[in-house]
Amino acid sequence: MKSAVETLNPTRVRLTVEVPFEELKDSLDAAYKKINQQVTVKGFRKGKVPARVIDQRFGRGAVLEEAVNDALPKFYTDAVNEAELSVLGQPEVDITELKDGETLNFTAEVDIRPSIEIPDFSGIEVEVDAVEVTDEDVDKAVEELRERFASTAPVERAAEDGDVVTIDLQAKVDGEVLEDGVADGVSYTIGSGELLDGIDDAVKGLEAGGETTFTSELKGGSAAGKEAEVTVKVTQVAKRELPELDDEFAQLASEFDTIEELRADSRKRLENMKQYDQATQAQERVLEKLLELVEVPVPEKLLEDEVNTRKHNLEHHQLGQMGLDLAKYLEIQGKSEEEFETETREAAVKGIKTQFVLDELVKQEKLNVNQEELTEHLMRRAASSGMSPDQFAQAVVEGGQVPLLVGEVARGKALAVVVEKATVKDTNGEIIDLDDEEDETESAEASAEETPAESAEDKTEG
């Protein structure tokens, strides 16, 4: 077999492959065997029809077509490996010549990873938010904890903001009660915004036993998105009572003996959270600066696939779980369809460029991923997916996704290398030392988890 490579543009090549006919022998034998199992010829046992009879009865062309279809993937893969190409997605194959007994010639156009030059990135400078925790921040955190320990006591008066009401609901659409539109004994805090639009105004002013009807657009269920006539009956009104902010509360809500110890711990927790947010911000801004330094051509087909994947996931997974369609989502976001398309494309371009650049850095810095790093990353991904580590690991192995996880960890380490050499200052002008490698790598992995090109490479098998 002979092959040659023609560069069509920085992200696409054309392979020209010439295959001597004798190299098709194994595929021809397999084609005859396959056809033999599928046909019946009088006078011959099943599977024992001679090749010459198959040629006469069904045509030599059918055999050649089967053989070529069987052989092409191997010859294509051999040509790719010989040229040391990093291909993306499926090739467009064109058989240019097939002469029985002489030769098979074909071309294959395919996207490839572009060649990328990583410039010196040691001069990158970014600014991040300073870590500042105010007394007001601590007050808010302690108040939120206090809210969690609130109790309720029934009252004989009209419902007010902040009260907890027990209600029965019935929803009708076009005069018909919905099968999934009836709920009794629902506990609802007025003002929380957790149920239907308009329910706060409807129940405020009602006492136990009071009933009213209002219209609202249903957020979920069989009639999601439709206007419904909702009847609500209040069966109980209860006032929320907050505990006193004293040492007794501190002992109830925490391991501390005094309220001052609880406040000090709240301040420390807020500082840790803001430090983590600061590290994440540094990762994101360093990555943006790095991408500005590198010229990265993006394969058009890969980009289109990534845009379509992002739109599909949003429409059929994220929005579907919320009972929304794309039009309603855009209305809520205050965006036009054109703005949505532009933002989605820009995000896809950034995702692809990020992967290409960080993968090149992995090679340049000779970064490896050990078992401990992979296990830690798997544990974090399992936690974010809502699965147990064992379940997540099994799904990853069965889905052949281990290389994807390895790639995510490696890209995280590559970005950490860049951040380590960058100058990071906060808004007060202080230089920030991001020396917590574990947090840094975890944050970097989050920035580098999208793997559109890697997914495209998975589809090149066969």
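None of the values given here were measured: they were computed from a predicted structure.

Asks: Describe in detail the UniProt feature "domain: PPIase FKBP-type" (unreviewed entry) in the protein chain, supporting the description with residues and values.
Replies: Taking the numbering used here, the UniProt-annotated feature "domain: PPIase FKBP-type" (unreviewed entry) corresponds to residues 162-215. Along residues 162-215 one finds 9% helix and 54% strand; the C-alpha atoms at either end are 22 Å apart.

Asks: Report on the nonpolar core, specifying residues and quantitative values.
Replies: In this structure, Phe 121, Ile 124, Leu 290 and Leu 361 are the most contacted members of the largest nonpolar core, which totals 35 residues. Listed by contribution, the elements that provide at least two residues to this core are strand E5 (125-128), helix H7 (259-293), helix H8 (300-322), helix H10 (337-364) and helix H13 (402-421). No other element matches the seven residues that H10 contributes to this core. Residues within four places of Phe 121 in sequence aside, it is in contact with Leu 290, Leu 293, Leu 361, Gln 364, Glu 365, Val 417, Val 418 and Lys 421. Grouped together as the second largest cluster of nonpolar side chains are 31 residues, Tyr 32, Val 87, Phe 106 and Val 110 included.

Asks: So what's going on with a negative patch on the surface? Which residues, and what values?
Replies: On the surface, a cluster of negative charge is made up of Glu 315, Asp 325, Glu 337, Glu 338 and Glu 339. In terms of residues, the negative patch owes the most to one element, H10, which gives three residues. Here Glu 339 is to be found in helix H10.

Asks: Could you give an account of the side chain of Thr 231, naming the residues involved and the relevant values?
Replies: Structurally, Thr 231 can be placed in strand E10 (residues 227-241). The exposure class of Thr 231 is buried, given its relative accessible area of 19%.

Asks: Quick rundown of the environment of Pro 389? Include the residues and the values.
Replies: Within the fold, Pro 389 resides in helix H12 (residues 389-398). Note on Pro 389: relative accessible area 35%, which makes it partly exposed. Measuring from C-alpha to C-alpha, the distance between Pro 389 and Thr 152 comes to 39 Å, with 237 residues separating the pair along the chain. When near neighbours in sequence (up to four residues on either side) are disregarded, Pro 389 contacts Leu 378, Met 379 and Ala 382.

Asks: For the sheet that holds strand E2 (residues 12-20), give the residues involved together with the corresponding values.
Replies: The pairing of strands in a sheet comes from backbone hydrogen bonds and takes either a parallel or an antiparallel form. Taken in spatial order, the four strands make up an open sheet running E1-E2-E4-E3, and their pairing is antiparallel. Taken across any chain shown, the strands that pair with only one partner, and hence form the sheet edges, are strand E1 (2-9) and strand E3 (87-99). Going across the sheet, the axis of each strand differs from the next one's by a mean of 20 degrees, ignoring polarity. Packed on one face of the sheet, helix H3 (residues 60-83) meets E1, E2, E3 and strand E4 (103-112) and runs near 125 degrees to E3.

Asks: Account for a nonpolar patch on the surface, naming residues and giving values.
Replies: Nonpolar side chains collect at one region of the surface, where Val 93, Ile 95 and Leu 98 lie side by side and expose about 220 Å² of accessible area between them. Within the secondary structure layout, Leu 98 lies in strand E3.

Asks: Break down the packing of helix H1 (residues 25-38) against helix H2 (residues 51-58) for me, citing the residues and quoting the values.
Replies: As a packed pair, H1 and H2 sit with axes 11 Å apart at the nearest point and diverge in direction by 70 degrees. Comparing the axis directions of H1 and H2 gives the class roughly perpendicular. Between H1 and H2 lies a crossing whose hand is left-handed. Where H1 abuts H2, its residues Tyr 32, Ile 35 and Asn 36 lie against Ala 51, Ile 54 and Asp 55. Of the residues belonging to the contact of H1 with H2, the class tally is four nonpolar, one polar and one charged.

Asks: Describe the pattern of salt bridges, naming the residues involved and giving the relevant values.
Replies: Applying the stated rule across the entire model yields 33 salt bridges. Here Lys 74 and Asp 78 are joined by a salt bridge, their closest N and O atoms 2.8 Å apart. Of this pair, Lys 74 and Asp 78 both sit in helix H3, separated by four residues, roughly a single helical turn. On the accessibility criterion, Lys 74 (52% relative accessible area) is exposed. On the accessibility criterion, Asp 78 (29% relative accessible area) is partly exposed. For Arg 157, the salt bridge is made with Glu 160, and the minimal N-O distance between the two is 3.8 Å.

Parameters and conventions
Residues numbered from 1 in each chain as written. Predicted model: local features only at pLDDT ≥ 70, side-chain atom pairs only at ≥ 80, totals over all residues. Heavy atoms only, no water. UniProt positions renumbered as here; feature names shortened; annotations may be inferred. Helix = DSSP H or I, 4+ residues; strand = E, 2+ residues; numbered from the N terminus. Core = buried A, V, L, I, M, F, W, Y, C linked by side-chain atoms within 4.5 Å. Buried < 20%, exposed > 50% of the residue type's maximum accessible area, 1.4 Å probe, protein only. Contact = heavy atoms within 4.5 Å. Patch = residues over 30% accessible without salt bridge, like charges linked within 9 Å, V, L, I, M, F, W, Y side chains within 5 Å. Areas by Shrake-Rupley, 256 points an atom, 1.4 Å probe, with all protein chains shown as cover. Salt bridge = Lys/Arg side-chain N within 4 Å of Asp/Glu carboxyl O. Lys, Arg positive; Asp, Glu negative; His and termini not counted. Charge placed at Lys NZ, Arg CZ, Asp CG, Glu CD. Pairing = 2+ DSSP bridges. Axes fitted to C-alpha atoms, helices over the stretch in contact; angles between N-to-C directions. Parallel < 35°, antiparallel > 145°, perpendicular 65-115°, else oblique. Left-handed = near helix turned anticlockwise from the far one by under 90°. Nonpolar A, V, L, I, M, F, W, Y, C, P; charged D, E, K, R; others polar.

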